[in-house]
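Commentary on secondary and tertiary structure
Each chain, written out:
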Amino acid sequence: MAHSARRDSPELPDFSLLKRLARDQLIYLLEQLPGKKDLFIEADLMSPLDRIANVSTLKQHEVDKLYKVEYKPVISTSDQLCFLIRPRIQTVKWICDVVNADKAAGKFRRYKLIFTPQKFYACEAVLEEQGIFGDVTTDEWAFYLLPLDDDIISLELPEFFRDNFLAGDQRWVRTAGSTLHLLHSIYGPFSKIYGIGRCSKMAYESWREQVEEGETKARQAEIGNVFLIDRDVDFVTPLCSQVVYEGLVDDIFRIKCGCVEFGPDVTSSDKSMKVMLNSQDKVFNEIRNEHFSNVFGFLSQKARNLQTAYDKRRGMDIKQMKTFVSEELKGLKQEHRLLSLHIGASESIMKKKTKQDFQELLKTEHSLLEGFEIRECISFIEEHINRQVSMIESLRLLCLLSITENGLLPKDYRSLKAQYLQSYGVDHLLTFANLRQLGLLVEQQPGETLTVMESKVGKLVNDKTAGKLTDAFSSLAKKSNFRALSKKLNLVPKSDEEYDLRVPRDMAYIFSGAYIPLSCKLIEQVLERDGWTGLEEVTRLLNGHEFAVTGSTKSDTNDAQRIVLVMFLGGCTFSEISALRFLGRERGYKFIVVTTAITNSSRLIEALLDNHV
Amino acid sequence: MSWNLRDGLRDSLVAAAPYGGPIALLREPHRRSPSSRPQLEIYSASGVAIASFPWKSGPVVQLGWTVSDELLCVQEDGSVLIYDLFGSFKRHFSMGQEVVQSQVLEAKVFHSPYGTGVAIVTGSSRFTLATNIDELKLRRLPEVPGLQGKPSCWVVLTQDRQTKVLLSNGPELFILDNTSCTAVCPPGLSPQAGNIVHMSVSFSYKYLALFTDTGHLWTGSSHLQEKLSEVDTKKTTTPKQMIWCRRPKSQQPSVVLMWDRLLLVAGVCSDTVQFPVEDPCVLVGELDGVRIVSSTNQELLQEVPLVCQDIFKIASMAPGALLLEAHREYEKSSQKADEYLREIKEQSMLGEAVRQCVEAAGHEYDTNTQKSLLRAASFGKCFLTDFSPDQFVTTCRELRVLNAVRESSVGLPLTHTQFKQMTLQVLIDRLVYRQFYPLAIEICRYLKIPDYQGVSRVLKHWASCKVQQKDLSDEAIARAVCVKVGDSPGVSYSHIAAKAYECGRTELAIKLLDFEARSGEQVPLLLKMKRSQLALSKAVESGDTDLVYTVVSYLKNEMNRGDFFMTLRNQPVALSLYRQFCKLQEQDTLKDLYNQDDDHQELANYYVTASYREKRLESRLSLLQSAVDEYNKAKNEFAAKATEDEMRLLRFQRKLDDEKGAGLLGLSLQATIEALLALGLHKQAEQLYRDFKVPDKRYWWLKLKSLAEKEEWEELEKFSKSKKSPIGYLAFVEVCIKCNNKYEAKKYVSKVAPEQKVKAHLAVSDLEGAADAAIERRNESEMAAVLSRCSASDRLLIDRLNRARTTATKK
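Residues numbered from 1 in each chain as written. Chains lettered and ligands numbered in written order. Predicted model: local features only at pLDDT ≥ 70, side-chain atom pairs only at ≥ 80, totals over all residues. Heavy atoms only, no water.

As recorded in an unreviewed UniProt entry, chain B goes by Vacuolar protein sorting-associated protein 16 homolog and comes from Lates calcarifer. In the Sequence similarities (unreviewed entry) part of its UniProt record, chain B is described as follows: "Belongs to the VPS16 family." Under the Function (unreviewed entry) heading, UniProt states for chain B: "Plays a role in vesicle-mediated protein trafficking to lysosomal compartments including the endocytic membrane transport and autophagic pathways. Believed to act as a core component of the putative HOPS and CORVET endosomal tethering complexes." (UniProt positions renumbered as here; feature names shortened; annotations may be inferred.)

Naming follows an unreviewed UniProt entry, where chain A appears as VPS33B late endosome and lysosome associated of Lates calcarifer. UniProt's Sequence similarities (unreviewed entry) comment on chain A is quoted here verbatim: "Belongs to the STXBP/unc-18/SEC1 family."

As structure tokens, this is what we get:
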């Protein structure tokens, strides 16, 4: 509202094509199994599938009944079963059990497994091991990209984060490469590709390989620049509490696949309601990127406007009334409904968030980001743990503390860990092992030992394997270097000036003016400098793996050059998207965010839990 | 013919393939003395010797060529040997076990849309068919009633997508299909015609010719539905060969019969044409004529194409003929050229004339005739606007190609019609089979065939052939292949490498694989060659996890465990992948894996995970003990301590569960204490608090909450006085308020530390008290906080606060 878009900002490409492609392919696959069939859908594919093909489309193609994959024996009576699943061993094992149970019962059925977005050899190996490879047919549904909004495309692969960054399993890299390939073949050719992070680099290479294998057609590019970034480049941003409206809604109500379920306390009725959150929702579209403190003012203004619009009726003659009813009333009603919904949501957020605790929580986070009063922060966290406020929140604060402080002092590390284990059970030992492996929660190392070791290894052997070895070392020694980065990139604005959240001056507004997200700042800097030159120190602090490649086509001055596709490998938050939208408005860019999944602090931490529940 | 046959074609078994295919010659196949073996010779259609070798296997009944230029030798015992064009043995198959006994009497090799087939008749008078030798499926046809030995003559027919045998036994004619044997009668064959002794079916399987022992020749459709003609040749001896001579859309189909010294052409009309033959010849049926191969030369007998007739007929007034004449005059700079042209133009037939010339050029063999026709066409074209040059251009190009392959060194005497039928792709294949690589590439480039279908395909064949050259070193071959093939699209190095491996040149294969850009192609072959280590590192380099997994699972089955783990150890990517898999599939393997690596930390973690799956406490404790041991080995004292604590806690919980049925097992320490307090087991809670060194703060919070929740206010008060609260007393106030007990809360307000007093007062909604405290502390922000809670009715208070604020700011 306060800021209007620049007049010359380019148009976004039309991504509905991606949906159409996916739908057509799915229909084709379903028709490969003619006749009536029951369809089993993996639970986390339900919502994405709903965006692509609704139930009636499925029914048109002879899908009889729909089931969710629940790892229970099937009760279907159909003689044809079709499974639409992610390539996970667990699911495939379940299907093996189903098939073997049918065999034992002497039941004859036809089975078809559709893996999406691709099948993995490991899954086929399980089929083979369980002796049913010949009994089923397998297929791939290349459903890589789900457009969640005009400028957000998601791969809907939350496991990407854990598999790739924690388990070191790189099987999704190729998927990411294929995704880029798909985008490139429809909206390319890209003229510049930047990236940072090991996974980004591998995804880029995988994409290049696929480009070289296939044919290239000369086309008018719709997307000019691409930026790839690994989630582990910036863990600070997703660990902070979100205070922009869309982020807050995600933190509190959990947006699933662009859709949120508001409970009875929001809808002010006895039913909960599912609402799509995207740019189609005009009210939401105007407040999604706003700092929460502005939202109420805006909503009440909107309510007043609405009232005046309604009031126009008075003093209308019949004819005017007729046009009003036929043209405006429906829109107003719609707007009315949405408005009351968002007011409800805001109230609910207010109730939860304006309590003392939340203010103190934010204060602690801001102190951590600034590096002030760390002792107080530690005791706040301690109390947080002791009072068992929230299992996830406590871990989040611990991680934030560790990253910003470059690891905890051994004494603090032990005592906080011990207290946490007392609170939530000793099984979190494994969680801590995970967090340490990722470098999210570590003990401060006594000084140089690691760098010394690294340089030694580096000198000993200087070929590829040594490179990998040092990679392994550096991942062990993942130092966050946040403080240095923050200083270099000026991530924390000076706190002595008052920050006007109504008229934000930089991307820091998404964290109440306390911190500019590192990921977005990197993107801004690289676009500004057209590469990494001048950022050598920064990339060194970030463990390198940066690249900038000029594509085959010459950069011309058309609109496509100002469309930037940012791909987050490992997920991104709504706050980051808001920040990028802000940056786009300021600089006349349009950002398209492609992410493996939408994440936030809880999802991030939950992915790393290893307790046995 | 460039061959030099000592004995001509006498006494030899000859097989010449259609479409100008190669000729195979087996001298005296029936000579059985082992001392002198018959010689098998292979020539190109122009008689250039390609291969020659002594025949060492059993007696051969029939020779034949497949569509891909492979030589089939049908032996008496029913086995069929396949050789390539260069006489090297490829493979063999058998026409059935029973044939070994009964022997093959006669065999025929035939071509159908399904490929090349073989049909035999055995000594027991049974027919066996194989429709496609590449997908061998033998069909034994039903018995023919009354047939002894071999039939007097027979042919193989392909009709209605079925392969049948038509045979005659004396005067009777039978059709033999998969299931039945039907007697048939050709319509209109006069009963006195006699026994059928020879029959022939046309190239397209549409027409049939029957020759009887009275010299009658009957022609008709092969369906035996209609008759074309019946001619009395007045010859009673059986012809050596009888072949249909026709062309697609033939005007005058005819049959060519050959006796020892006579060639007779019988058409639809009862007329015959006779040619004397001096030398023994072989007739080869073609799509559009008959090739006559003799020991000295080769001729093509065909019906003259209509356009050629039109143009070259004496005194022809066809537009093409006029145009040719016009051009001839034009060359002579004669004004007659104009007259001819005018004449054509008046009939507005110029376009037609050009078309005729172009078409006729295509049919001509002589290059000079081709040229004059094409020049005439080009000349005529000048007077036409709006005439598509496509046909002219293509014909020129194609003729150039045809002339090149007709060269006797290449020896593919193809007609234009045949060329069109066999397609350029097949022509290139045939050139490749004959190893005319440069010519094939030239043709591809000349005709601008996309690399993928053209040059690359040739290169692929070339490279596959190259790797078989035994006299060259691996290094040299690899280099040669790389230089020539380069990055041609569609040539797969792995394919070439596979070929090298087949020839037993593993090292060469590995060298070639290095050029392969796609790892997905390298890896399977490397595995096949048992270079698993190399395969693994290639797979890892490719970054394709699926590929890595393929190799890993292969290795898992191939190697013993120790080696397998050692291999993985050197490949961290593969290792982590395998671990992932084990975590989901084989937990025990995971343990072994960590054990092998002495990774105590992970091993300990593994035990901890395993302990959750254990229901029984004893085994759970023993697993945790193992975890403790491993943590100790990993020098992770903290984790060891934590695990030990957990074991102690578990034992404690078990004891209490047994004694009091508290249901504590598995709870965290916090939850345990909470539960104990809730049950009123304060003593035990206290014990845990001391044993596990629970921080005071935590314990106080716990106890405070628990007492308040149970509304044991007296107990709470006692507790508050037990010693100085480590969490302060504001907590007491807040907890009481949470439990809606303002009265109790107020008790603790006085104890709250001065800096939190205001908050405490506010919590119990004691504005006065809060104001007092704030004023006392002269803290402006606290005063503001109080003010914000004041409502309009608290006039006095507001005034007081405001005054205090102003004084505070003054100072």
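Structure's up, so let's keep going.
This brings us to the sheet that holds strand S2 (residues 63–68) of chain A. Residue and element names in this part refer to chain A. Spatially, five strands are ordered S2-S1-S3-S4-S5 in an open sheet, and the strand pairing comes out parallel. Of all strands in the sheet, those bounded by a partner on one side alone are S2 and strand S5 (136–140). Between one strand and the next, the sheet's axes are offset by a mean angle of 20°, whatever the strand orientation. By the bridge criterion, six bridges tie strand S3 (residues 80–85) to strand S4 (residues 110–115) in an arrangement that is parallel. Bridge pairing links Leu84 to Ile114 in S4. This element, helix H4 (residues 89–104), spans strand S1 (37–41), S3, S4 and S5 of the sheet and lies at about 170° to S3. (Pairing = 2+ DSSP bridges. Helix = DSSP H or I, 4+ residues; strand = E, 2+ residues; numbered from the N terminus. Axes fitted to C-alpha atoms, helices over the stretch in contact; angles between N-to-C directions. Contact = heavy atoms within 4.5 Å.)

All names here are of chain B. Mapping Arg434 onto the fold places it in the loop between helix H8 (416–433) and helix H9 (437–446). Among the residues examined, Arg434 registers a relative accessible area of 6% and is labelled buried. For Arg434, the contacting residues outside a window of four places in its chain are Gly20, Gly21, Pro22, Asp69, Leu85, Phe86 and Leu412. (Buried < 20%, exposed > 50% of the residue type's maximum accessible area, 1.4 Å probe, protein only.)

Per the stated rule, a full pass over the model turns up 50 salt bridges over all chains. Where Glu405 of chain A meets Arg483 of chain A, a salt bridge forms, and the shortest distance between an N and an O atom there is 2.6 Å. Highlighted residues: Glu405 of chain A in the loop between helix H17 (391–404) and helix H18 (410–424) and Arg483 of chain A in helix H22 (residues 482–489), separated in sequence by 78 residues. Between Lys641 of chain B and Asp645 of chain B there is a salt bridge whose closest N-O contact spans 3.5 Å. Of the two residues, Lys641 of chain B and Asp645 of chain B are both situated in helix H22 (residues 637–660); the distance of four residues between them amounts to about one turn of the helix. Residue Asp645 of chain B is classed as buried on the basis of its relative accessible area, which comes to 19%. What emerges from the salt-bridge pattern is a single network uniting Asp149, Asp151, Glu246, Arg288 and Arg581 of chain A. (Salt bridge = Lys/Arg side-chain N within 4 Å of Asp/Glu carboxyl O.)

The geometry of an aromatic ring pair comes down to the distance between the two centres and the angle between the two planes. A complete count under the given rule lists 37 aromatic pairs over all chains for this structure. Judged by centre distance (6.3 Å) and plane angle (40°), the ring pair of Tyr194 of chain A and Phe227 of chain A falls under tilted. With Tyr194 of chain A in strand S8 (residues 192–196) and Phe227 of chain A in strand S9 (residues 225–230), this residue pair connects regions lying 33 residues apart in the sequence. Considered together, Tyr194 of chain A and Phe227 of chain A belong to a single accessibility category, that of buried residues. Through a chain of ring-to-ring contacts, three or more aromatic side chains come together here, namely Phe40, Tyr67, Tyr71, Phe83 and Trp94 of chain A. The positively charged end of Arg208 of chain A is found above the aromatic ring belonging to Trp207 of chain A, 5.3 Å away from the centroid. Sitting over the face of the ring of Tyr365 of chain B, Arg406 of chain B holds its NZ or CZ atom 4.2 Å from the ring centroid. (Phe/Tyr/Trp six-rings, centres within 6.5 Å; stacked < 30°, edge-to-face > 60°. Lys NZ or Arg CZ within 6 Å of the ring centre and 35° of its normal.)

On inspection of all chains with the given rule, the structure shows six cavities of 30 Å³ or more. As for the largest cavity, its lining consists of Ile89, Phe120, Ala122, Asp169 and Arg171 of chain A together with Thr545, Asp546, Tyr549, Leu577, Gln580, Phe581 and Leu584 of chain B. Those elements that provide at least two residues to the lining of the largest cavity are helix H16 (545–558) and helix H18 (572–585) of chain B. Its residues assigned to classes, the lining of the largest cavity shows seven nonpolar, two polar and three charged. Its boundaries defined by the atoms lining it, the second largest cavity holds a volume of some 60 Å³. Shared between two domains, the lining of the second largest cavity holds at least three residues of each, these being domain 2 (147–234 + 518–607) and domain 3 (245–351) of chain A. (1 Å grid on protein atoms, 1.4 Å probe; cavity = no way out; pocket = protein on both sides within 12 Å on 5 of 7 lines; lining within 4 Å. Points joined across faces, edges and corners; volume = space filled by probe spheres on them. Nonpolar A, V, L, I, M, F, W, Y, C, P; charged D, E, K, R; others polar. Domains from an automatic or database assignment.)

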